[in-house]
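So the chains spell out like this:
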Amino acid sequence: IISGSDLLNATWTKCDASCGPNWTNLYQANIESKYTYENMDLLDNTGFLFIAQDPNMSDPFWSDNISEFRTVKKENLTLTTIKDSVFINQADPNYYKNAYVSVWVNPNVIATKKITGYNPSTNTITFAELGSQSLYGDRDQYYSIINALSTLDRPGEYYFDEPNHKIILWPKGPLDTVEVSNRQDGIVYAGHNDFTIDGFLIEKMTGNTGANSIRGTCCQSNQNITIKNNEVRYTRLRGAGNPGTIYLSYSNYTNVYDNNIHDNETTGVLVGKTTNVMRNIFYRNGYK
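Because the structure is predicted, anything quoted here is derived from the model rather than measured.

Quick notes on the rules
Residues numbered from 1 in each chain as written. Predicted model: local features only at pLDDT ≥ 70, side-chain atom pairs only at ≥ 80, totals over all residues. Heavy atoms only, no water. Patch = residues over 30% accessible without salt bridge, like charges linked within 9 Å, V, L, I, M, F, W, Y side chains within 5 Å. Areas by Shrake-Rupley, 256 points an atom, 1.4 Å probe, with all protein chains shown as cover. Salt bridge = Lys/Arg side-chain N within 4 Å of Asp/Glu carboxyl O. Helix = DSSP H or I, 4+ residues; strand = E, 2+ residues; numbered from the N terminus. Buried < 20%, exposed > 50% of the residue type's maximum accessible area, 1.4 Å probe, protein only. Disulfide = S-S within 2.5 Å. Pairing = 2+ DSSP bridges.

1. Describing a nonpolar patch on the surface
At step 1: Taken together, the side chains of V271, V277 and F282 define a hydrophobic patch exposed on the protein surface, amounting to about 220 Å² of accessible area.
At step 2: Along the chain, the position of V271 falls in the loop between β29 (269-270) and β30 (275-278).
At step 3: Of the residues examined, V271 reaches a relative accessible area of 34% and is grouped as partly exposed.

Structure, rendered in structure tokens:
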């Protein structure tokens, strides 16, 4: 077993009203300062835990399901702002403290940016700049709010107060089973040839620039590799890094077969021109 996670070394305490409207269901814990929004993930003995999101997705695993996002009119979206008087209408100027916004942008991808300001008088949030070509211009786009404390409203969700290194969680399993993942790689090979990876459980890799169970490295030749009889699960890519939990773009003459690849919020296998992919089981693999 190759795992990217450890049991969370933290003491959980029951929340009070400062934890938001659902405080009676919530617990809080301080965590190490090395953990950031982009480099860590929480799980328990049931699998993924999920950062609070609004609107709630019918299945939180598919956090990028734009059919359930809010619509933002094209005239109310800029590279750094969204205006929405229907949903962005809270009186508290700190409502979006520590929150992020996920926006459906050109070319059909989700960009997630830190919210840096909120003006209640204009119903406008400000966030870190999107890419210069992100706006379609000829159509409405879609957005979702991530990690706003007041939207923490169901079991399995949590809020991360990054500046204060605190997690607030609505548990769905025992608190002593909560794990934190912040390793982004399981097996990395670079410049090696003629080997087989056989019979591993590789799980719970998380990162911003990459989240990979098995990968080569850029610009180094690798060939004659076989990956078989492995289970690969619970990989979550936080940013726009390498979108494959098995990432073989820099490898030639590889074989991937009889693997069980499931519950990864990145694509299952990213391959080059000379890869054979046969008899694998794929389910619940996301990204794009």
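Back to the text.
2. What to know about the state of the cysteines
Working definition: the covalent bond between the sulfur atoms of two cysteines is a disulfide.
At step 1: By the definition in use, this model includes 1 disulfide.
At step 2: Disulfide pairing places C15 opposite C19 at an S-S distance of 2.3 Å. An S-S torsion of about -70° defines the bridge between C15 and C19 as left-handed. In this pair, the class of C15 matches that of C19, namely buried.

3. Regarding the sheet that holds strand β17 (residues 179-181)
At step 1: Across the sheet, 4 strands lie side by side as β2-β17-β5-β6; this open sheet has antiparallel pairing. A single partner strand is all that each edge strand has here, and the edge strands are β2 (5-7) and β6 (47-48).
At step 2: Of the strand pairs in this sheet, strand β5 (residues 41-44) and β6 are connected by 2 bridges, and their pairing is antiparallel. Residue pairing in the sheet places L43 in a bridge with F48 of β6.

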